[in-house]
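Summary of the model geometry
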Amino acid sequence: MSGLPRIAGKECAKALKEIGFYLKRQEGSHMILRRDEPFGQVVVPDHKELDRGTLRAIIRQSGLSVDEFIKLL
């Protein structure tokens, strides 16, 4: 398993869009991304740098492994 990279929220959202997520809405600094098939929804903070725990939770909720996510970057 690879270590988690230090990335911004927008970079994370861009990677998730490659697997079918789209921006549903944004409330303040939180982007709500949704995927219809299979259904999934994640909240990505629009911060300059995501905490590692937050990024790990986003990856887990999206149904990816860390390695699969890193390949999308």
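Keep in mind it's a predicted model, so treat the numbers as computed, not measured.

1. As for the pattern of salt bridges
The final tally for this structure, using the stated rule, is 3 salt bridges. Between Arg6 and Glu49 there is a salt bridge, with its nearest N and O atoms 3.6 Å apart. Note that Arg6 is positioned in the segment before helix H1 (9-17) and Glu49 in the loop between strand S3 (40-45) and helix H2 (52-62), a separation of 43 residues in sequence. Under the relative-accessibility criterion, Arg6 is labelled partly exposed at 45%. Between Lys10 and Asp46 there is a salt bridge, and its shortest N-O distance comes to 3.6 Å. In this pair, Lys10 is assigned in helix H1 and Asp46 in the loop between S3 and H2, connecting sequence segments 36 residues apart.

2. A closer look at the pairing of strand S1 (residues 22-27)
Bridge count between S1 and strand S2 (residues 30-35): 5 bridges; the pairing is antiparallel. The partner of Arg25 across the bridge, within S2, is Ile32. In textbook terms, the turn of a hairpin is the stretch between consecutive antiparallel strands, and for S1 and S2 this stretch comprises 2 residues, one of which, Gly28, has a positive phi near 65 degrees.

3. A short note on the side chain of Arg35
Mapped onto the elements of the fold, Arg35 is located in strand S2. Of the polar contacts made by the side chain of Arg35, one reaches the backbone oxygen of Pro38; its length is 3.0 Å.

4. Considerations on the nonpolar core
Judged by nonpolar contacts, the single largest core of 19 residues is most densely connected at Cys12, Leu16, Leu33, Val44, Leu55 and Phe69. Elements that contribute at least two residues to this core include exactly H1, S2, S3, H2 and helix H3 (66-72). At 4 residues, H1 tops the list of elements feeding residues into this core.

Here is what the cut-offs are and how they apply
Residues numbered from 1 in each chain as written. Predicted model: local features only at pLDDT ≥ 70, side-chain atom pairs only at ≥ 80, totals over all residues. Heavy atoms only, no water. Salt bridge = Lys/Arg side-chain N within 4 Å of Asp/Glu carboxyl O. Helix = DSSP H or I, 4+ residues; strand = E, 2+ residues; numbered from the N terminus. Buried < 20%, exposed > 50% of the residue type's maximum accessible area, 1.4 Å probe, protein only. Pairing = 2+ DSSP bridges. Polar contact = N/O pair within 3.5 Å; in protein donor to acceptor, adjacent residues only side chain to side chain. Core = buried A, V, L, I, M, F, W, Y, C linked by side-chain atoms within 4.5 Å.

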